[in-house]
Amino acid sequence: MKMPEIVGTISFKLSALYLSLFLASFLAIGVSVYLLTCQTLEQQLKTSIETEASRLKAEYDSGGIAELNDEIAELLSFPSQARFEYGVIDSRGQLIAGTFSDFTPAEGWQITEQKSIKTTSTLNSKVHFYISVMALPDNLWLGVGKNGESIENAGTAVIKAFITGFALVIILGSIGGFYISRAFLVKIQRITISTETIMAGDLKHRLPVSKNRDELDKLALVLNLMLDKIVALMENIQQVSNDIAHDLRTPISHLKFRLEGALNGNLSTNQYQEQISLAIEDVDSILATFSAMLRISQIESGSRRSGFNSVNLSQVLSNVTDALNPVAEEQGKTIHLELGQDVILYGDKELLTQLAFNVLENAIQHTPLNAQVYVSLGASGNQTELTIADNGTGIAEIDREKVFRRFQRLEKSRNTPGNGLGLSIAAAIVELHGGTISLVDNHPGLKVVIRFSTKQVYAG
Amino acid sequence: MKILIIEDDNQTRDYVLAGLNELGHMVDAARDGYEGLLLAKEGNYDLLIVDRMLPHLDGLTLVKTLRSANDHVPVLFLTTMSGIDDRVEGLNAGGDDYLVKPFAFSELSARVNALLRRPRETIELKVLQVASLEIDLLKRTVRRSGQLVELQPTEFRLLAYLARHAGQVVTRTMLLESVWDFHFDPKTNIVETHISRLRSKINIEGKPDLIQTVRGAGYMLL
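Please read all numbers here as calculations on a predicted model, not as lab measurements.

What follows is about the interface of chain A and chain B. Contact with chain A, which involves 29 residues of that partner, is made by 22 residues of chain B. Summed over both sides, the interface between chain A and chain B buries roughly 2100 Å², with carbon and sulfur atoms accounting for 53% of that surface. It is A:Pro326, A:Glu350 and A:Phe357 that lose the most area in chain A upon contact with chain B, and together they represent 23% of the buried surface on that side. Our enumeration of links across chain A and chain B arrives at three salt bridges. The salt bridge involving B:Asp181 is made with A:Lys349; its shortest N-O contact spans 3.8 Å. Of all the secondary structure elements, the ones that give two or more residues to the side of chain A that touches chain B are helix H5 (269-300), helix H6 (313-330) and helix H7 (349-365) of chain A. Partitioned by chemical class, the residues of the side of chain A that touches chain B number 10 nonpolar, nine polar and 10 charged.

Rendered as structure tokens:
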């Protein structure tokens, strides 16, 4: 895994973004902690200096300069690093008592700079010196001072701690970001490799799905489902192209034989005309097969749904039955139509007409003489059921699924007219309307059951 | 009659042109939408045959343009698009009939004749009279030489359609579309079956057969 690749990943960019945000807030916290610490310590220092000064002023008030002098001398005799400095000056700045005269004779706070006493303080060699000056009677001024080294020290400690933390966050964040990004990239790369394998022609290959079930795995699962669907569609197309090759070759070869026969036959004009019109009939049937195939693909594309409307299915059925009745009667068959109250279906009237026609036509064509065909339509609650049943020879159970396939013609019906697309069209129409079509045994005979669900149906 | 064919495919155009010329029509041809529209606007034609897919200006727009200019010349659409959405679209745009390629010339000529003979101003006839046949469209009764003939509703619609186009060839597809509203090609010849029933009902013994079968084309009521 190369560095630039990782830098380019989304997870790396996100890690970098989070890291910068974290560092910025870390910095803000550091600055406020530093300022607060310094301020608090300074306040404490000032309070202690003021208390000391007030106490000394009280000594002066009770015993004059002599007592103050004694007190200061006593205080200075205790050696301490954190002790105060004391001094009394007159209006000209002359030291009267104590050891310390680096202040001006004016009441209030005076802050000066002083060389650091502590050797450990390397950061800055100078420290602030805080002096509280109080006016005494007799034109004298008392100054009590203390250096602010403790404040500077605390501030330095805070800065050091935050710099260390800052460095740690950067190091840990970068390493973490790198590993997270790399894990992400590895997954993506696995998916890429699988995709390339599929693109190279191995359609059975699937994208890897880990047990983590993270977003990438969910995506891979969906993509795998899509691949399954694509494979199914491709197999379907493959099947159709094979069918076309097979089922159109036959009539085209017949046509060729007929034309060759006519060409070599030395026929009379009438006979030629006869042959030509037969040839045209052949071409027509080939064209009809093409139209039927186009129609199936058009129906399957689903674009017809945009033209859906309320269709009176009962009326469609009686029209179709009416059209086919004389045909059935001619073959000694009877159609029994049983319609309840009007059923209104949301759909495509033309296609529903073709659906009813194809299924009924199929029942008439594939039943023996004197067969009875029962057409019934019923709406019960949330379902509409259209059944077309006959008492013919039926279809063996293993063949029932086959009849919906394109060009599928069962052995026993090879010599009846048709292209084997009638029921495929019917199935496509049912699917377009969100319904189901199934074949069941009618004991004896075949029963075609077509169901439409409530979503599309309004009984009425 | 003066007919204009607007079609970009040379073979189809020549085929239609030659066929219609042979039937005695005066036929002009245009190769693209603009040329077609110009000719249609100036030529005072009795019928336009328009391909749906044309260069420069498609057939649908062409007809819409004509209709918006209040030109009510009958239009027959030719198309390779077999979907019914396309057919409905064509009829909505102002087309009067629709024929899907490839088509038999007999089918085209039957439809052309039907469109040419159609009165521009449709006067609703109450009674159609063809030879000794009398069809009352209001009472829905049929008499042959005065004798009442009992017909089923479908048979009546079939006969009425034939009678409206008396003397013209009417094709199987035209009958399927107008009598049954079927816009697909059934395997079983339901038209033939219904015609033969109708024949047996109106051809009372001794009377001549009024419904002629035109071989390879369709039927004609005389």
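After that view, the rundown keeps rolling.
Moving on: the confidence of the model for chain A. Regions with low pLDDT should not have their predicted coordinates read in detail. With 92% of its residues at a pLDDT of 70 or more, chain A has an overall mean of 84. Throughout residues 456-460 of chain A the model reports pLDDT below 50, and contacts reaching past four residues in sequence, or to other chains, amount to 12 contacts.

Moving on, we come to the packing of helix H4 (residues 215-264) of chain A against H5(A). Residues and elements named next belong to chain A. Two elements in contact, H4 and H5, have axes whose closest approach is 10 Å; the angle formed by their N-to-C orientations is 170°. One finds that H4 runs roughly antiparallel with respect to H5. Between H4 and H5, the residues in contact are Ile244, Leu248, Pro251, Ile252, Leu255, Arg258, Leu259, Ala262 and Leu263 and Tyr272, Gln275, Leu278, Ala279, Asp282, Val283, Ile286, Thr289, Phe290 and Met293, respectively. Split into classes, the residues belonging to the contact of H4 with H5 amount to 15 nonpolar, two polar and two charged.

Next up on the list: the sheet that holds strand S12 (residues 218-221) of chain B. Strand-to-strand pairing in sheets goes through backbone hydrogen bonds, with the strands running parallel or antiparallel. Residues and elements named next belong to chain B. The strand order across the open sheet formed by three strands is S10-S12-S11, and the pairing between neighbours is antiparallel. Looking at which strands have only one partner, the edges of the open sheet turn out to be strand S10 (170-171) and strand S11 (211-214). Where S11 and S12 come together, four bridges link them in antiparallel fashion. Residue Thr213 lies in a different strand from S12, and its bridge partner there is Tyr219. Each of S10, S11 and S12 is contacted by helix H6 (residues 153-164), which is oriented at about 75° to S12, the strand it contacts most.

All names here are of chain B. Bridge analysis of strand S6 (residues 127-130) against strand S7 (residues 133-136) gives four bridges, and the strand direction is antiparallel. Bridge assignment links Leu128 to a residue of S7, and that residue is Ile135. Linking two consecutive strands that pair antiparallel, namely S6 and S7, is a turn of two residues; a positive phi of about 50° is found at Ala131 within it. Relative to strand S8 (residues 141-144), S7 is paired through four bridges, and the arrangement is antiparallel.

Residue and element names in this part refer to chain A. With eight of eight residues buried, strand S5 (residues 140-147) lies mostly within the body of the structure. Here S5 shows a buried face lined by Leu140, Leu142, Val144 and Lys146 and a second buried face lined by Trp141, Gly143, Gly145 and Asn147. By the bridge criterion, six bridges tie strand S1 (residues 85-90) to S5 in an arrangement that is antiparallel. Within S5, the position partnered with Val88 by the bridge is Leu142. Where strand S4 (residues 126-136) meets S5, eight bridges bridge the pair, whose relative direction is antiparallel. Looking across to S5, one finds that Val133 is bridged to Gly143. The antiparallel hairpin formed by S4 and S5 contains three residues in its connecting segment, where Asp138 sits at a positive phi of about 65°.

Attention shifts here to the pattern of salt bridges. Should their charged atoms come close, side chains of opposite charge can pair. Residue and element names in this part refer to chain A. Applying the stated criterion across every chain yields a total of 24 salt bridges over all chains. Between Lys187 and Asp214 there is a salt bridge, and its shortest N-O distance comes to 2.3 Å. Here Lys187, found in helix H3 (residues 149-199), pairs with Asp214, found in the loop between H3 and H4; they are 27 residues apart in sequence, far enough to count as distant. Owing to a relative accessible area of 15%, Lys187 belongs among the buried residues under this scheme. Judged by relative accessible area, which is 23%, Asp214 ranks as partly exposed. Across the pair Glu260 and Lys256 runs a salt bridge whose closest N-O atoms are separated by 2.9 Å. Note that Glu260 and Lys256 are positioned in helix H4 at a spacing of four residues, about one turn of the helix.

A word on the packing of H5(A) against helix H8 (residues 422-432) of chain A. Residues and elements named next belong to chain A. Taken N-terminus to C-terminus, the directions of H5 and H8 make an angle of 15°; their axes are 9 Å apart at the nearest point. The angle between H5 and H8 places the two elements in the roughly parallel class. Considering how the two elements wind past one another, H5 and H8 form a crossing that is left-handed. Contacts from Ala292, Ile296, Ile299 and Glu300 of H5 reach H8 at Ser424, Ile425, Ala428, Ile429 and Leu432. Of the residues contributing to the contact of H5 with H8, the split by class is seven nonpolar, one polar and one charged.

To continue, consider the confidence of the model for chain B. Across chain B, pLDDT averages 88, with 95% of residues at or above 70. For this predicted complex, the interface confidence reaches an ipTM of 0.83, while the overall pTM sits at 0.64.

The peptide bond linking A:His443 to A:Pro444 adopts the cis configuration, its omega dihedral lying at -5°. Of the consecutive residues B:Lys101 and B:Pro102, the connecting peptide bond is found in the cis state with omega at -5°. Position of B:Pro102 among the secondary structure elements: in the loop between strand S5 (97-100) and helix H5 (105-117). Notably, A:Asp138 is not glycine yet its phi reads approximately 65°, a positive angle. Mapped onto the elements, A:Asp138 comes out in the loop between S4 and S5.

Let us look at a nonpolar patch on the surface. All names here are of chain A. Judged by side-chain polarity, Ile10, Leu14, Leu17, Tyr18 and Leu21 come together as a nonpolar surface patch covering roughly 540 Å² of accessible area. Within the fold, Leu17 resides in helix H2 (residues 10-76). Take Leu17: its relative accessible area is 48%, and that puts it in the partly exposed class.

For the rest of this paragraph, the subject is the packing of aromatic side chains. Residues and elements named next belong to chain A. Evaluation of the coordinates by the stated rule reveals 14 aromatic pairs over all chains. What links up through ring pairs into an aromatic cluster is the set Phe22, Phe26, Phe162 and Phe166. The side chain of Lys146 reaches across the aromatic face of Phe84, ending 4.9 Å from its centre.

Assignment of secondary structure puts A:Val169 in helix H3. Residue classification places A:Val169 among the buried positions, given a relative accessible area of 16%.

What follows deals with H6(B). With 12 residues, H6(B) extends 16 Å between its outermost C-alpha atoms, agreeing within 8% with the 16 Å of an ideal straight helix rising 1.5 Å per residue. Three or more residues of H6(B) are buried, namely B:Thr154, B:Glu155, B:Phe156, B:Leu158, B:Leu159, B:Ala160, B:Tyr161, B:Leu162 and B:Ala163.

Next up on the list: the sheet that holds S6(B). Residue and element names in this part refer to chain B. Ordered by their spatial adjacency, four strands build an open sheet running S6-S7-S8-S9, and the pairing between neighbours is antiparallel. With one partner strand each, in any of the chains shown, S6 and strand S9 (147-149) form the two edges of the open sheet. Neighbour to neighbour, the strand axes of the sheet diverge by 25° on average, direction disregarded. H6 contacts S6, S7 and S8 of the sheet and is inclined by roughly 115° relative to S7.

What counts and what doesn't
Residues numbered from 1 in each chain as written. Chains lettered and ligands numbered in written order. Predicted model: local features only at pLDDT ≥ 70, side-chain atom pairs only at ≥ 80, totals over all residues. Heavy atoms only, no water. Contact = heavy atoms within 4.5 Å. Buried area = accessible area lost by both parts, 1.4 Å probe. Salt bridge = Lys/Arg side-chain N within 4 Å of Asp/Glu carboxyl O. Helix = DSSP H or I, 4+ residues; strand = E, 2+ residues; numbered from the N terminus. Nonpolar A, V, L, I, M, F, W, Y, C, P; charged D, E, K, R; others polar. pLDDT = per-residue confidence, 0-100. Axes fitted to C-alpha atoms, helices over the stretch in contact; angles between N-to-C directions. Parallel < 35°, antiparallel > 145°, perpendicular 65-115°, else oblique. Pairing = 2+ DSSP bridges. Buried < 20%, exposed > 50% of the residue type's maximum accessible area, 1.4 Å probe, protein only. Left-handed = near helix turned anticlockwise from the far one by under 90°. Patch = residues over 30% accessible without salt bridge, like charges linked within 9 Å, V, L, I, M, F, W, Y side chains within 5 Å. Areas by Shrake-Rupley, 256 points an atom, 1.4 Å probe, with all protein chains shown as cover. Phe/Tyr/Trp six-rings, centres within 6.5 Å; stacked < 30°, edge-to-face > 60°. Lys NZ or Arg CZ within 6 Å of the ring centre and 35° of its normal. Expected span 1.5 Å × (residues − 1).

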